[in-house]
Amino acid sequence: MPNCLTLKKSNCKNCYKCIRHCPVKAIRFSGNQAHIIGNECILCGQCFVVCPQDAKEIVDETEKVKVLLARALFGQPDMILLDEPTTYLDVRHQLELMKMLKKLAQSGKSIVTVMHDLPFAFEFSDEIAVLDEGRIKIQAPPSELCDSAILGDIFGIRMGRIEGKDKYYYEI
């Protein structure tokens, strides 16, 4: 992950709030200073929200979306509901956001998203509910949906899986 969240030089005063609230424990403390471990950080921004000294800063404007998500995570909810979370993000940031959401799910959070980008939904979801006229038509893991004719019935498409990968495509 890029270093979009950084730390200003400050005397942390040993409160450790950022360390306690980081869901993936990507913050270390040494020399009276907290340090974000970039390759472990999922950019959830919880450290940003809880820091009493405002020692964190957002470097990239597009990452503010992720900090807004952090505010939703601040109350330690078991479930997060998102409506089209990748809308208006460029492709790189869409991928980063989806990877971050996947890591949050792997850390124990339930992530529920509404999305129309089927390849993203298939790649990053453990289970997909397909709606037709406002009702759930089928709910299953992506691999089972690929084998189902229901996507053709509802959307007029066929989903396929790239052999040997968790990557999907669709065709008419």
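Below: a short report on this structure. (Residues numbered from 1 in each chain as written. Predicted model: local features only at pLDDT ≥ 70, side-chain atom pairs only at ≥ 80, totals over all residues. Heavy atoms only, no water.)

Here we look at the side chain of lysine 109
Counting through the fold element by element, lysine 109 comes out in the loop between helix H4 (91-106) and strand S6 (110-114). The side chain of lysine 109 is buried and forms no salt bridge, while aspartate 78, the nearest opposite charge, is found at 5.4 Å. There is a polar contact of 2.8 Å between the side chain of lysine 109 and the backbone oxygen of proline 77. Once residues within four sequence positions are removed from consideration, lysine 109 is found in contact with Leu73, Gln76, Pro77, Asp78 and Leu104. (Helix = DSSP H or I, 4+ residues; strand = E, 2+ residues; numbered from the N terminus. Buried < 20%, exposed > 50% of the residue type's maximum accessible area, 1.4 Å probe, protein only. Lys, Arg positive; Asp, Glu negative; His and termini not counted. Salt bridge = Lys/Arg side-chain N within 4 Å of Asp/Glu carboxyl O. Polar contact = N/O pair within 3.5 Å; in protein donor to acceptor, adjacent residues only side chain to side chain. Contact = heavy atoms within 4.5 Å.)

Concerning unusual backbone geometry
Here tyrosine 16, not a glycine, exhibits a phi torsion of approximately 60°, which is positive. Here tyrosine 16 shows up in the loop between strand S1 (5-7) and helix H1 (17-21). Its identity as a non-glycine residue notwithstanding, lysine 25 has a phi of 55°, on the positive side. Residue lysine 25 is classed as partly exposed on the basis of its relative accessible area of 45%.

Some thoughts on a nonpolar patch on the surface
Together, Met79, Leu81 and Val112 line one region of the surface with nonpolar side chains, adding up to about 300 Å² of accessible area. Along the polypeptide, valine 112 turns up in strand S6. (Patch = residues over 30% accessible without salt bridge, like charges linked within 9 Å, V, L, I, M, F, W, Y side chains within 5 Å. Areas by Shrake-Rupley, 256 points an atom, 1.4 Å probe, with all protein chains shown as cover.)

Examining the nonpolar core
If you look at the biggest cluster of nonpolar residues, it comprises 37 residues, and the most contacted ones within it are Leu69, Met100, Leu101, Leu104, Phe122, Leu145 and Met159. Contributions of two or more residues to this core are made by helix H3 (64-73), strand S5 (79-83), H4, helix H5 (118-124), strand S7 (128-132), helix H6 (142-146) and helix H7 (150-155). With near-sequence residues (within four places) excluded, leucine 104 lies in contact with Pro23, Ile42, Leu69, Leu73, Lys109 and Ile111. (Core = buried A, V, L, I, M, F, W, Y, C linked by side-chain atoms within 4.5 Å.)

Observations regarding the pattern of salt bridges
In total, this model carries five salt bridges according to the counting rule given. The closest approach of N and O atoms between lysine 137 and aspartate 132, which form a salt bridge, is 4.0 Å. Taking the relative accessible area as the measure of exposure, lysine 137 reaches 49% and is therefore partly exposed. Of the charged contacts in the structure, one is a salt bridge between arginine 158 and glutamate 171, with a shortest N-O distance of 2.7 Å. Here arginine 158 is found in strand S9 (residues 158-161), whereas its partner glutamate 171 is found in strand S10 (residues 168-171), with 13 residues between them in sequence.

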